[in-house]
Amino acid sequence: MPTVTTKKPTKKAAQKKPAPKSATAKKPAARAHAPARTERISTNPATGEDLGSYPVFTPDEVRAAIARARAAQPRWAAFPLAKRIEFMKRVKRDILNHMGDLAELISKESGKPRVEAHNAEIILICDLIDYFSKEAPKLLADEKLPMPQVAFKTKSTKLFYAPLGVIGIISPWNWPFAIPMSEIIMALICGNTVVLKPAEPTSLCGLRIGELFDRAGVPEGVVEVVSGSGSTTGQALVEGDVDKVVFTGSVEVGRHIMETAAKRLCPAVLELGGKDPMIICEDAYLNAAAEAAVWGAFFNQGQVCASVERVYVHETVYDEFVDLVVEKAGKLRVGNPMDPDVDLGSMINHAQVKTVHAQVQRALKAGARVLTGGEPVEPVKGGAFYSPTVMVDVRQDMEIMQEETFGPVLPIMKFTTDEEAVALANDSRFGLSASVFSKNLKRAELIARQIRTGAVSINDCCYTYGLPQAPWGGEKESGVGRTHSRFGLYEFVSIRSLGTEMLGQVKRPYWYPYSQGTYEMLQKATSLLYSDSPLEGVLRILGSGKNGG
Ligand code: NAD
C-alpha cells in the first residue's frame, strides 16, 4: 500500500503568515472594479482551511469587464512590441521575487505538492516568458511574399499580424497558474487584452494573476479577472463581446462553449480532456519505464489532461513491469501537499474523490483487480485524498480504459504485436498525447508516428506542455486549435495580407472593359505560362481551337 504520511508541514511552512482571509477584504481584488454582489470562500482541499474569499461576478459585471478590456485594447496594441515584452519581463521578475508565496498559494488551493507547483507552474511560466520575449519579434514580424505571377509583377505583398481584440480565457483548476498565464502572455504579446475566468476551486490563484499584471504596471483594462461560477460568470464571458474564446477544460463544457460561440461565429480554441496511452515494448529500459509510468500517472494526483491513463505492455515483460510499478507505487507518500516529503497531495475536492472511486469500483465489478491503492485515504483529517492505484485484468472495452479518470489510477494491459499496440492506443475518442518506450528509437518512432495524438514522446512522458516551443493541443475529442509554439501564438492574431501596386497611375489589364480580344489574350497567356514547357505552350496556341487548347 502507498504510504499515507501524516507528518505536519515543515516548521518554515508553519511559521508563514496565514493567507489573508479575504482576497477582497484586504485590497480590492485585482481588476474587480465594480462591486461584486456575492463572495465565496476558497478552501484548502487537503485541510479544509479557509483561504479567503473571492467575488462572484454577475453577467452585468462580466460585460463591464469586457467593455473595459475593449476600451483598453487599442492603446495596448499601440505600444511597440518591445514595450509589451518589457511588461511581460516585469511580470516574470515579480514571479521570481514571490515564487515561494506563489507556490504556496497554488499548492494550498489546488492540493498539489509544492514541488509540483514550483516545477510545473512557476518554472514553466518563467521559461515561456523568456521564450516568447525572444521569439515573438521574429514570429510577429511582417513577411514579404514572393510575387511570381506575371500579371502581378508590379505589386508587392506582405503579410502582417494584427491583434484580434479582446480574448476571453476560461481555465481549469488543475494548472491554475500555468494554463491561464501562458494564454494571457501570448495574447498580450500579440496586442490583445484579456478577460480571464478562472475555475471556481482555484479562484484566488486567478485573482493573484490579475495582481501580477497590476503590479507590473500593465494599464487598466488590459487584464481583467472575473471570478465566479462556470454556468453564470463563464457563460456570460462566452456570450459576451469577445473576439475569441480560449477554453481549457472538459469535453462536455468545451462542446457547449463551442456551440455558444458558434452562434456569434466567434472562434474558439478548445484544450480538452485525454486518455493518454503509454506503450512499453519488450526492449524498453524497464525500470525507467516503470518510474515514468508511476510519475506520469500519479503526479498532480493524476488530475492532468496528459497524465498516463492506460499502459500497454508487451506480454513478455508484462509481469516484470507490473511488479516494478506496484513496488514503486507502494512507496509513494500521500499527505499534506505543503509537506516537502510527500509525493501526492490532495485531490481538488471530495466530489472528485467520489468520481474516481466510483470509476474504480465499476472497473472491479467488470472484472479488474486492484494491486495497490483503490480507496480514499485520510492522511489529514477531512482532506480529499485518494491512494495511488494500480489495476490489472482490465479490458479495452472497460470504462477505465475508455473514459478519462482524472485521478491517480493506472490500469495496465498486455499486447503482443506493435500493430496491436498502435490499434489499442488509437482505440479512443481522445487524442491528446501518448508515449512509447523502447531502446530501439527507430521502432519507437515508427510506433509513435502512427498514434493519433497532438503530442507523442519516446522514453519519457507528460513533459510536452512544458515546452513553449512545441505545439500543444489535441486531436479527436481532445480539442481544437493549438497553444504554445508559433502555432499557439498565431491563434491570437488575425493573419492579414497587405498588397501595394507600384504603378498606381497605370490601368490594370484585367479591369473593364472586357472584350473578345482580352479573352483570346488571356487564353494564349494561360497556354504559355502554365504548360509544362514553353514549346508545349506555343504548340498549344498554334493548335488551339475554340477551347484554347
Ligand atoms: P470544466 O470543464 O468543468 O471547467 C473548466 C472551466 O470552464 C472552469 O473555469 C469552469 O468554471 C468553466 N465553465 C463551466 N461551465 C461553463 C459554461 N457553461 N460557460 C463557460 N464556462 C464554463 O473542467 P475542470 O474540471 O476545471 O478541468 C478538468 C478538465 O480539463 C479535464 O477534462 C482535463 O483533461 C481538462 N484539461 C485539459 C487540458 C489541455 O491542455 N488539453 C489542460 C488541463 C485540463
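The present account deals with the structure reproduced in this document.

About the cut-offs
Residues numbered from 1 in each chain as written. Predicted model: local features only at pLDDT ≥ 70, side-chain atom pairs only at ≥ 80, totals over all residues. Heavy atoms only, no water. Patch = residues over 30% accessible without salt bridge, like charges linked within 9 Å, V, L, I, M, F, W, Y side chains within 5 Å. Areas by Shrake-Rupley, 256 points an atom, 1.4 Å probe, with all protein chains shown as cover. Salt bridge = Lys/Arg side-chain N within 4 Å of Asp/Glu carboxyl O. Helix = DSSP H or I, 4+ residues; strand = E, 2+ residues; numbered from the N terminus. Axes fitted to C-alpha atoms, helices over the stretch in contact; angles between N-to-C directions. Parallel < 35°, antiparallel > 145°, perpendicular 65-115°, else oblique. Left-handed = near helix turned anticlockwise from the far one by under 90°. Contact = heavy atoms within 4.5 Å. Nonpolar A, V, L, I, M, F, W, Y, C, P; charged D, E, K, R; others polar. Pairing = 2+ DSSP bridges. Buried < 20%, exposed > 50% of the residue type's maximum accessible area, 1.4 Å probe, protein only. Core = buried A, V, L, I, M, F, W, Y, C linked by side-chain atoms within 4.5 Å. 1 Å grid on protein atoms, 1.4 Å probe; cavity = no way out; pocket = protein on both sides within 12 Å on 5 of 7 lines; lining within 4 Å. Points joined across faces, edges and corners; volume = space filled by probe spheres on them. Near = heavy atom within 4 Å. Polar contact = N/O pair within 3.5 Å; in protein donor to acceptor, adjacent residues only side chain to side chain. Sits in = over half its atoms within 2 Å of the grid points.

Considerations on a nonpolar patch on the surface
Consideration 1: Taken together, the side chains of Val150, Leu528, Leu529, Tyr530, Leu535, Val538, Leu539 and Leu542 define a hydrophobic patch exposed on the protein surface, amounting to about 870 Å² of accessible area.
Consideration 2: Elements with a contribution of two residues or more to the nonpolar patch: helix H18 (516-530) and helix H19 (534-542).
Consideration 3: Here the nonpolar patch takes 4 residues from H19, the largest share from any one element.
Consideration 4: The residue Leu539 is located in helix H19 in this model.

Regarding the pattern of salt bridges
Consideration 1: Considering all chains together, one arrives at 32 salt bridges under this definition.
Consideration 2: Note that Asp60 and Arg63 form a salt bridge whose closest N and O atoms lie 2.8 Å from each other. You can see Asp60 and its partner Arg63 sitting in helix H3 (residues 59-78), 3 residues apart, about one turn around the helix.
Consideration 3: Salt-bridge contacts for Arg369 lead to Asp393; the nearest nitrogen and oxygen are separated by 2.7 Å. Here the residue Arg369 occupies a position in strand E14 (residues 369-372), and Asp393 occupies one in the loop between strand E17 (389-392) and helix H14 (399-402), the gap between them amounting to 24 residues.

Some remarks on the packing of helix H5 (residues 99-110) against helix H6 (residues 114-139)
Consideration 1: In the contact formed by H5 and H6, the axes pass within 8 Å of each other and the chain directions differ by 110°. Considering their axes alone, H5 and H6 lie roughly perpendicular with respect to each other. Considering the relative orientation of H5 and H6, their crossing is right-handed. When H5 is examined against H6, the residues Met99, Leu102, Ala103, Glu104, Ile106 and Ser107 are found in contact with a partner set consisting of Arg114, Ala117, His118, Glu121 and Ile122.
Consideration 2: Looking at side-chain class alone, the contact of H5 with H6 contains 6 nonpolar, 2 polar and 3 charged residues.

Points about the sheet that holds strand E6 (residues 166-170)
Consideration 1: Within the open sheet, the 6 strands sit side by side as E8-E7-E6-E9-E10-E23. Their pairing is mixed. On the outer flanks of this sheet lie strand E8 (223-225) and strand E23 (479-480), each paired with one strand and no other.
Consideration 2: Sheet topology note: the E6/strand E7 (residues 193-197) ladder contains 5 bridges and is parallel. Residue pairing in the sheet places Ile170 in a bridge with Lys197 of E7.
Consideration 3: Each of E6, E7 and E8 touches H3; the most contacted strand, E7, lies at about 150° to it.
Consideration 4: Taken strand by strand, helix H8 (residues 203-215) contacts E7 and E8, and its axis lies near 155° from that of E8.

A look at the environment of Tyr285
Consideration 1: If you trace the backbone, Tyr285 turns up in the loop between strand E11 (276-280) and helix H11 (286-298).
Consideration 2: Classification of Tyr285 as exposed rests on a relative accessible area of 51%.

Observations regarding the nonpolar core
Consideration 1: Membership of the largest hydrophobic core comes to 68 residues, with the highest contact counts inside it found for Ile95, Phe177, Met181 and Phe213.
Consideration 2: Looking at this core, the element that brings in the most residues is H6, giving 10 residues.
Consideration 3: Beyond its immediate sequence surroundings of up to four residues, Ile95 is in contact with Leu102, Ile122, Ile125, Cys126, Phe177, Met181 and Leu212.
Consideration 4: Within the second largest apolar cluster, 34 residues are counted, among which are Ala46, Ala297, Ala329 and Leu332.

A closer look at the layout of surface pockets
Consideration 1: Approximately 1000 Å³ is the volume attributed to the largest pocket.
Consideration 2: Along the wall of the largest pocket there are 40 residues; nearest its centre are Trp173, Gly249, Ser250, Val251 and Val253.
Consideration 3: Secondary-structure elements contributing two or more residues to the lining of the largest pocket are helix H9 (230-239), strand E9 (244-248), helix H10 (251-263) and helix H13 (350-365).

So, the site of the ligand
Consideration 1: In the neighbourhood of the ligand, 29 residues make up the surrounding shell, with Ser171, Lys197, Ser250, Leu272 and Glu404 lying closest.
Consideration 2: A distance of 3.3 Å is found between an oxygen atom of the ligand and a backbone nitrogen or oxygen belonging to Gly249.
Consideration 3: Within the side chain of Glu404, an N or O atom sits 2.6 Å from an oxygen atom of the ligand.
Consideration 4: For the ligand, whose free accessible area comes to 840 Å², the fraction covered by protein is 88%.
Consideration 5: Using a 2 Å cut-off from the grid points, one finds that the ligand occupies the largest pocket.
Consideration 6: For the shell around the ligand, the secondary-structure elements that each account for two or more residues are H9, E9 and H10.
Consideration 7: At 4 residues, H9 tops the list of elements feeding residues into the shell around the ligand.

Looking at the packing of H18 against H19
Packed helices, taken two at a time, are described by their axes: the angle between them and the distance between them.
Consideration 1: At their nearest, the axes of H18 and H19 sit 7 Å apart, and the two run at 150° to each other. What the angle tells us is that H18 and H19 run roughly antiparallel. Classified by chirality, the crossing of H19 by H18 is right-handed. Together, Lys524, Ser527 and Leu528 of H18 and Pro534, Gly537, Val538, Arg540 and Ile541 of H19 make up the contact between the two elements.
Consideration 2: Taken together, the residues of the contact of H18 with H19 break down into 4 nonpolar, 2 polar and 2 charged.

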